[in-house]
Amino acid sequence: MLTTVQHRIELKLMQTDPDEPPLAREEARRLLEAIQEGGRLLDAQLSRDEITRSFLDVDPQPVELSDKMEAHLSRAGMDGTVETDLAAAPTQVDDERFGESLLVLVDSLVERAEDEQSIVTCRWQGDDVAVSIGARPPVEPRHALQERLNQPASIRDPGLDVPLAQAMIEAQDGDVLVHRTADGAVGLRCVFPALEASTPTRSRG
């Protein structure tokens, strides 16, 4: 991966003895510039789906999504600050990759919240499982959230951002949409195919 090669060369440059360099500094700089340019070209040419499928391993497995969401929020220390309303929701995701994406999307709203209450819900209705991430009152308008989703994903940043988290979810047959609930919460909605069609009534708060 270009980012990994880039980081290794940068580390080697920091460790280089000026008297006996294992890699000439000028040569290393040229390599870094070529790698950075290659990354820019890949970012411009590859779609989010192509970036995710080419550079990130995704292995979806059957899961009970609400249980996984509780576990990921708890490990991140968000279970005490985020209001949850999670119903049974069997679907198929890569648990680790889904958890990374979930936390990025939640954090993208939590970091902008002050007096707002961050909310995460999980519902299983018909053929779909829907995870809603929002804030009440809204942290930002719908068009601003949509602009963030419309940004191209980048492989040059080793960390996940909102567009790359969106790409990760799309690679697991999910969709990410901007939505507004009836009670005024505005946020993001992740929709996955359910393992079977149903509308369960069990709910956990």
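For the structure itself, consult the block above.
Parameters at a glance
Residues numbered from 1 in each chain as written. Predicted model: local features only at pLDDT ≥ 70, side-chain atom pairs only at ≥ 80, totals over all residues. Heavy atoms only, no water. Helix = DSSP H or I, 4+ residues; strand = E, 2+ residues; numbered from the N terminus. Contact = heavy atoms within 4.5 Å. Areas by Shrake-Rupley, 256 points an atom, 1.4 Å probe, with all protein chains shown as cover. Buried < 20%, exposed > 50% of the residue type's maximum accessible area, 1.4 Å probe, protein only. Salt bridge = Lys/Arg side-chain N within 4 Å of Asp/Glu carboxyl O.

Undergrad: Now, about the overall build of the protein: what can you tell me, with residues and values included?
TA: Looking only at helices and strands, one finds seven helices and seven strands in the protein. Ordered by position from the N terminus, the helices and strands of the protein form the series α-α-α-β-α-β-β-α-β-α-α-β-β-β. At a minimum sequence separation of 6, the contacts of the protein that also span at least 24 residues come to 73%. For the protein, the exposed area adds up to about 11000 Å²; of that, 47% sits on carbon and sulfur atoms.

Undergrad: With reference to specific residues and values, describe unusual backbone geometry.
TA: The phi angle of most residues is negative, glycine excepted, and most peptide bonds adopt the trans form. For Asp173, which is not glycine, the phi dihedral falls at a positive 65 degrees. For Asp173, the position within the fold is in the loop between α7 (162-170) and β5 (175-180).

Undergrad: Could you give an account of the environment of Leu195, with specific residues and numbers?
TA: Of note, Leu195 is situated in strand β6 (residues 186-198). A relative accessible area of 46% places Leu195 in the partly exposed class. Setting aside its immediate chain neighbours within four residues, Leu195 contacts Pro62, Pro90, Thr91 and Gln92.

Undergrad: Tell me about the pattern of salt bridges, residues and numbers included.
TA: Counted according to the given criterion, the structure contains three salt bridges. Arg123 serves as the salt-bridge partner of Asp85, at 2.5 Å between the closest nitrogen and oxygen. Of this pair, Asp85 sits in strand β2 (residues 83-87) while Arg123 sits in strand β4 (residues 117-136), and the two are 38 residues apart along the sequence. Judged by relative accessible area, Asp85 falls into the partly exposed class, the value being 26%. A residue is classified by how much of its surface remains accessible, and Arg123, at 28% relative accessible area, is partly exposed. Arg97 is paired through a salt bridge with Glu100; the nearest N and O atoms lie 3.3 Å apart. Highlighted residues: Arg97 and Glu100, both in helix α5 (residues 95-110), separated by three residues, approximately one helical turn. The class for Glu100 is partly exposed, based on a relative accessible area of 27%.

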